[in-house]
Each structure stands twice: as structure tokens, then as C-alpha cells.
Amino acid sequence: LGGTTIVSGELAAQSGLVVSANILKAVGTSTSQFGQSTPVYISNTGGVNITKTTSSTTSTTGALTVTGGVGIAENANIGGTLTVADATTLNDNVSVADAKTFTVGTGATALGGALTVTGVTTLNDDVSVAAGKTFTVGNGATTLGGTLDANSTADIADTLTLSKATGDGLNVIA
């Protein structure tokens, strides 16, 4: 055939079909190949396989780039780093596996509900409790490594023990 061929119905081939120097090629009865050096395979039984291994460093680089949005109805498994460049909404629980670390950047972090922490927690800066709110510590012993400064009323419901490890006595001002 020379020139343009227009097929108005179905085009069928008994074995392989090659279009424009291997840009599109049927491979067997259930797979189509697009491209030559790093082809993309589309199978009617196994999905899409992209054989190119280009790493992604931006939203416009990598083996697969998508200009519009992406909808994924099932799980997504990512073997490398996930970088999100804009606001992110997570509509369900977030789990951090094993002994991994969940790090939040240097800006303010707001939580809309209760924060429950299981295990040792280290706070490396000031902790503020809003006016009219209560900071509650469980039933175990609580140790402060520095000064406890109560600028208002301190209600002690049980025993209060005051002691001074070194120096000249303990000052209690009424």
C-alpha cells in the first residue's frame, strides 16, 4: 500500500500488525506494544507495563508523566520517595510502619481532633495550653526537670511532697 489507507470498519490481522515502524505492534493475541527502545505494553489480561526506568524529580519528569489529574480506585504501592508539592488531604487513617519516623516540617501543625500518643514522647520546645483548657497527666508519676511555675491556683487533690536535694532549706511563701 502506498499513501494513506482509510479503514472505515474493523482492521484485523491474523498474526502481527506493525504501524509506522514499530510504533504500534500487536504482540500475540492479548498484548499491544507501543514504541521500540523502551516500549509500553498494554495487555487485556495484565494491565499496562512501562519498561522505561527514568527517575522522577519533578511533576514533569519520570517514566510516566500525567498533565491532568489522576484517579486511582485501588491501592497504590510506591517503592521510592513520595513528594507532594501542594496541600494534601488524607480522608482516612495514616499508619507509619515499624520503627519509622513521621516528620512534620518546621511550620505550625494543626490537628482537628484528639492526639493520642502511645510510648515515650519528647517535646523539644515549649508546650502551650490555651486559656480555659486543661492539661491532664495520667495516673503515673510525673517528673519535671526544671522549674514548675504556677501563676495561678494549684489544686492538689492528694499528697504534696516538697523536698530540696541541696542548698539551705526549702522556701514556702504563703
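Only a predicted model underlies this, so the values are computations on that prediction, with no experimental measurement involved.

(A) Main features of the overall build of the protein chain. For the protein chain, the helix and strand inventory stands at zero helices and five strands. If you list the helices and strands of the protein chain from N to C, you get β-β-β-β-β. Contacts in the protein chain between residues at least 24 apart in sequence constitute 0% of all its contacts with a sequence separation of at least 6. If you sum the accessible surface of the protein chain, you get close to 16,700 Å²; carbon and sulfur atoms cover 51% of it.

(B) Local environment of a nonpolar patch on the surface. Taken together, the side chains of L90, V94, V96, F102 and V104 present a nonpolar region at the surface, about 490 Å² in accessible area. Structurally, the position occupied by L90 is in the segment after β5 (47-50).

(C) Up close: the confidence of the model for the protein chain. Looking at the protein chain as a whole, its pLDDT mean stands at 79, while 87% of the residues score no less than 70. Mean pLDDT values over the elements of the protein chain span from 58, in strand β1 (residues 18-19), up to 80, in β5.

(D) Structural view of unusual backbone geometry. At D98, a position not held by glycine, the phi torsion is positive, near 50 degrees. Tracing the backbone through its elements, the reader meets D98 in the segment after β5. Using a relative accessible area of 76% as the deciding quantity, one classes D98 as exposed.

(E) Fine view of the pairing of β5. Across four bridges, strand β4 (residues 40-43) lies against β5 in antiparallel orientation. What sits directly across from I42, in β5, is V48. Taking the residues that link successive antiparallel strands as the turn, the β4-β5 hairpin has three residues.

Definitions and limits used
- Numbering of residues starts from 1 in each chain and follows the order in which that chain's sequence is written.
- Only residues with pLDDT of 70 or above have their local features reported here, since the model is predicted, and side-chain atom pairs are shown and tallied only from 80 upward, although totals for entire chains, interfaces and linings are computed over all residues.
- With hydrogens and water excluded, all non-hydrogen atoms of the structure serve as input to the side-chain values.
- We count a stretch as a helix when DSSP gives it H or I for four or more residues in a row; a strand needs E for two or more, and each element gets its number in order from the N terminus.
- Note on definitions: a residue-residue contact is assigned when non-hydrogen atoms from the two residues lie within 4.5 Å.
- To be clear on the numbers: accessible area is Shrake-Rupley with a 1.4 Å probe, and residue cover counts the displayed protein chains and nothing else.
- For patches, a residue must show more than 30% relative accessible area and have no salt bridge; joins then use 9 Å for like charges and 5 Å for nonpolar side chains, namely Val, Leu, Ile, Met, Phe, Trp and Tyr.
- Put simply, a salt bridge is a Lys or Arg side-chain nitrogen that is within 4 Å of an Asp or Glu carboxyl oxygen.
- Within a predicted model, pLDDT stands for the predictor's per-residue confidence, ranging from 0 to 100.
- Accessibility here uses a 1.4 Å probe with only protein chains present; expressed as a share of the type maximum, an area under 20% marks a residue as buried, one over 50% as exposed, and anything in between as partly exposed.
- Any two strands are treated as partners once DSSP identifies two or more bridges connecting them.

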